[in-house]
Amino acid sequence: MSSRPARRPRHLWALWAALLALFSPLLLTPSSAPAATATATTATATAQADPVPGMFNPRQTWLRNSTAGLFLHWGMYTQPEHYDCDSWQKAVNDSGWNPDYWVKETQKIHGSYIVLATFHSRLGYARPWPSKIPGSCSTKRDILGELIKAAKAKGIKVILYMTDDPQWHDVMGPESFDSAAYSAYKGKDVDLTTRPGFGEFSYDNFFEVMHNYPDLKGFWIDNDNEYWEQHHLYEQIREQRPDMLLSNNNEDTPIMDTVSNEQKTGMTPDYDMPAAYWTSMPRLTESCYKVPSSGAWWYDGQDRPVDTALNIRRYVANAGTSYKSLMDLQAQVDGTFPPQQQAFTDYLSKYLDPIRESLHGVAGGGYLYGGLRPGAWNDGAYGYTTVGKEDPTRQYIHVTTRPTGTDSGTLRVRDNGTKVKRISDLRTGERIAFDQHDGTVTLKGITTWDPYDTVFKVETERHRQGLYPSDTVRATATSSKEGHPAANLTDGDLTRYWDSNAQVPVSVTLDLGGVKKARFLAVNQTEWSPTYNRESFGRKEDSARIKDYKVFVSDDGEHWGDPVKTGVMESARSTRYIDLDTTARYIRLEVDSTWSAATVVPFYHQLRIDEIAVGHTYPVSHGRG
């Protein structure tokens, strides 16, 4: 995890190119071609999955429908440390370790899965299962098997963490590896302290585990090992266990089902971790983070404090952007959490129950699924929106930072073409008065605010209103990258994007087919970059979004005149709006600059836009409290 040194440079910045590989799911069978040349088949989407059929593999369905998971770093070097396998196992047994505790804690956080990180570079490379492969600690007690069985009984999945990194083999002094024993087992000399040697050892363990535990649901992999890549490990897992998920930490590898974004900090507000993410829907994505405010990913002997407000809001932020919250809590040797972490899970369980429907079975609003726009609202208010996957008329506004000032009882949210019918406080059921016009829903007379997340249930019409159908608008551009033409801007498919081919300034022209009213442009930029300049794991990142822009209009496509609108588009996630109130046949959006600094080459002038919609009217509605 974050204690490792800077990671190897990431080379897969073409995120959507990676998605193309993912979206031709690899469902291999024993009769398929060899793993390295396996053929792809198309999966069928289920009713609760992403809105574009065939865009994901069915093995991902349960995780796509999840909200949270429990991340457990727990091994030989959990305090107090043990330096041999027998003494650690005795301590675990004598302490009364029971897998049911972890299952119950997962239920408290409304989680669907557990990731067990025991075969971890900083925890002694312990394997919590009886192994026939010598080389590092292996327990006689089948801890992994007991956990899988207990979790399955409650409908919870188990994923096993696997490390690629041998460099911490003697971090505590004693040697964690037995290269001689492994060499005798293999019939050749293998040095487990080297990357190739450890790669071979861990490679063998992948196969042992996936063959012995048919109910294990996947591997959570921290980086890559060259040996695995050279020997087509992932392709073989796909062939032998097509039901297993593969998750990768902090890089986007096409064959992986899940990309996990680790411990983002430095955001404003501090809980808005999605502002630092660089993976966009419909890629299956996860946010892994430590619940305690300080310390390591594992129990270090201290009862670390927990910031309740920060963690609840992180949970909501991830649900509001279709990310899974993989929450790291530090189990002690007996498996239980220190008192402050235990108090947090106890509280969270009770806190989430009344608002469960707004966080489960929903997708992030303002993105691929439509819905009210999240982010910064009026008077310092901030929050997220969620949309029911099966019923998009069921939406929710999550106010994680309430408005302040003289009008602190009012909330104004951009409607994103959604016509509102009724609004109520989800916890109390109290009706909320509202007015909707000019693209904004205004909630009025709010007197009760939750300290962490005030949730409003919003009942809406099923379809967005006031937008010209995408097939009636034609888009062209002054520059386009091969394979990502301007036509993608108005094809009605948010999973295909236009790429400016690193050309900025650049302009896009929209042809409405005749002189028509144009009230606004709704711009969905590809969410493949963070919203601000930052450095993560030694990698410079920045926002690739529109900054300075101008809008021109014309009736004939030849005479344009002065711009009807100029402005600076904020670097923020979700749909951005340009209000116009004009009539024209042609609308030209000229992008004069983007937010990324020239020094951050992977993002500089790398403009990508999924869709631009043209609005002709705003929904109008009213509701009494």
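Notes on the structure in this doc start here.

**What to know about the overall build of the protein**
Broken down by element type, the protein carries 11 helices and 27 strands. Over its C-alpha trace the protein gives a radius of gyration of 26 Å, about what one expects of a compact globule, namely 25 Å for 625 residues. Overall, the C-alpha framework of the protein stretches about 80 × 55 × 45 Å when taken along its three principal axes. Within the protein, buried positions represent 61% of all 625 residues. In the protein, of all internal contacts separated by at least 6 residues, the share reaching a separation of at least 24 is 73%. For the protein, the distance from the average position of its 67 positive side-chain charges to the average position of its 77 negative side-chain charges is 4 Å.

**Notes on the state of the cysteines**
According to the stated counting rule, one finds one disulfide in the structure shown. Between the sulfur of Cys85 and that of Cys137 lies a disulfide, 2.0 Å long from S to S. Disulfide Cys85 to Cys137: torsion about the S-S bond roughly 60 degrees, handedness right-handed. Here Cys137 lies in the loop between β2 (113-117) and α5 (143-153) and Cys85 lies in helix α3 (residues 85-95), a separation of 52 residues in the sequence. The exposure class of Cys85 is buried, given its relative accessible area of 15%. Cys137 sits in the buried class, given a relative accessible area of 8%.

**What to know about the sheet that holds strand β27 (residues 621-623)**
Taken in spatial order, the four strands of this open sheet run β13-β16-β15-β27, and their pairing is antiparallel. Only two strands of the sheet have a single partner each, and these edge strands are β13 (411-414) and β27. When strand polarity is set aside, the average angle formed by the axes of neighbouring strands in this sheet is 15 degrees. Sheet analysis places strand β15 (residues 433-437) next to strand β16 (residues 440-444), joined by five bridges and oriented antiparallel. Its bridge partner being in β16, Gln436 is matched across the sheet by Val441.

**As for unusual backbone geometry**
A cis geometry characterises the amide bond from Gln79 onward to Pro80, with omega recorded as -5 degrees. Here Pro80 shows up in the loop between β1 (68-73) and α3. For the bond from Met281 to Pro282, the omega torsion is 5 degrees, close enough to zero to count as cis. Looking at where Pro282 falls in the secondary structure, it is placed in the loop between β6 (258-262) and β7 (284-290). Unlike most non-glycine residues, Ser322 shows phi in positive territory, near 65 degrees. Within the secondary structure layout, Ser322 lies in the loop between α10 (308-319) and β8 (324-328). Backbone geometry at Asn501 places phi at a positive 60 degrees, although glycine is not the residue there. Note on placement: Asn501 falls in the loop between β19 (498-499) and β20 (506-525).

**A short note on the environment of Gln107**
Along the polypeptide, Gln107 turns up in helix α4 (residues 99-108). Judged by relative accessible area, Gln107 falls into the partly exposed class, the value being 35%. Sequence spacing of Gln107 and Thr268 is 161 residues, and the spatial spacing of their C-alpha atoms is 30 Å. With sequence-adjacent residues up to four places away left out, Gln107 is seen in contact with Lys154 and Ile156.

**A word on the packing of α4 against helix α11 (residues 339-352)**
Put simply, α4 and α11 touch, their axes get as near as 8 Å, and they point 50 degrees apart. Taken together, the axes of α4 and α11 are oblique relative to one another. Here α4 contributes Tyr101, Glu105 and Lys108 to the contact with α11, which in turn contributes Gln342, Thr345, Asp346, Leu348 and Ser349. Its residues placed into classes, the contact of α4 with α11 shows two nonpolar, three polar and three charged.

**Things to note about the packing of aromatic side chains**
Here the distance between the centres and the angle between the planes together describe a pair of aromatic rings. With the rule as written, the count across this model stands at 34 aromatic pairs. Through successive ring pairs, a cluster of aromatic residues spans Phe119, Tyr125, Phe177, Tyr182, Tyr185, Phe198 and Phe201. The ring of Tyr577 carries Arg414 above its face, with NZ or CZ at 4.0 Å from the centroid. In this structure, Arg608 is placed above the aromatic ring of Trp528, and the distance from its NZ or CZ to the ring centre is 3.7 Å.

**What to know about α4**
Within the sequence span of α4, burial applies to Pro99, Tyr101, Trp102, Val103, Glu105 and Thr106. Buried residues along α4 sit in contact with β1, β2, α5 and α11. Where α4 terminates, the next one or two residues include His110, which has phi positive at roughly 55 degrees.

**Description of the pairing of strand β11 (residues 382-388)**
Two faces belong to every sheet, and in a regular strand the side chains alternate between them. Here β11 lies mainly inside the structure; seven of its seven residues are buried. Here β11 shows two buried faces, one formed by Tyr382, Tyr384, Thr386 and Gly388 and the other by Gly383, Thr385 and Val387. Summarising the sheet, strand β9 (residues 362-364) and β11 pair through three bridges and their orientation is antiparallel. Counted as the bridge partner of Val362 is Gly388 from β11. Summarising the sheet, strand β10 (residues 375-376) and β11 pair through two bridges and their orientation is antiparallel. Paired with Gly375 across the strands is Gly383, a residue of β11. Hairpin connection of β10 to β11: five residues between the antiparallel strands, including Asp379 at a positive phi of 50 degrees. Relative to strand β12 (residues 394-401), β11 is paired through six bridges, and the arrangement is antiparallel. Its bridge partner lying in β12, Tyr382 is registered against Thr401. The loop that links β11 with its antiparallel partner β12 comprises five residues.

**Notes on the pattern of salt bridges**
Counted according to the given criterion, the structure contains 36 salt bridges. Here Asp435 ties to Lys444 by a salt bridge, and the two come within 2.7 Å at their closest N and O atoms. For Lys444, a relative accessible area of 36% corresponds to the partly exposed category. The shortest N-O distance in the salt bridge between Asp499 and Arg608 comes to 3.6 Å. One end of the pair, Asp499, is in strand β19; the other, Arg608, is in strand β26 (residues 608-615), with 109 residues separating them in the sequence. What makes Asp499 buried here is its relative accessible area of 1%. We classify Arg608 as buried; its relative accessible area is 7%. Taken together, the salt bridges that share partners define one network made up of Lys186, Lys188, Glu200 and Asp204.

What counts and how
Residues numbered from 1 in each chain as written. Predicted model: local features only at pLDDT ≥ 70, side-chain atom pairs only at ≥ 80, totals over all residues. Heavy atoms only, no water. Helix = DSSP H or I, 4+ residues; strand = E, 2+ residues; numbered from the N terminus. Rg over C-alpha atoms; globule rule 2.2 N^0.38 Å. Buried < 20%, exposed > 50% of the residue type's maximum accessible area, 1.4 Å probe, protein only. Contact = heavy atoms within 4.5 Å. Lys, Arg positive; Asp, Glu negative; His and termini not counted. Charge placed at Lys NZ, Arg CZ, Asp CG, Glu CD. Disulfide = S-S within 2.5 Å. Pairing = 2+ DSSP bridges. Axes fitted to C-alpha atoms, helices over the stretch in contact; angles between N-to-C directions. Parallel < 35°, antiparallel > 145°, perpendicular 65-115°, else oblique. Nonpolar A, V, L, I, M, F, W, Y, C, P; charged D, E, K, R; others polar. Phe/Tyr/Trp six-rings, centres within 6.5 Å; stacked < 30°, edge-to-face > 60°. Lys NZ or Arg CZ within 6 Å of the ring centre and 35° of its normal. Salt bridge = Lys/Arg side-chain N within 4 Å of Asp/Glu carboxyl O.

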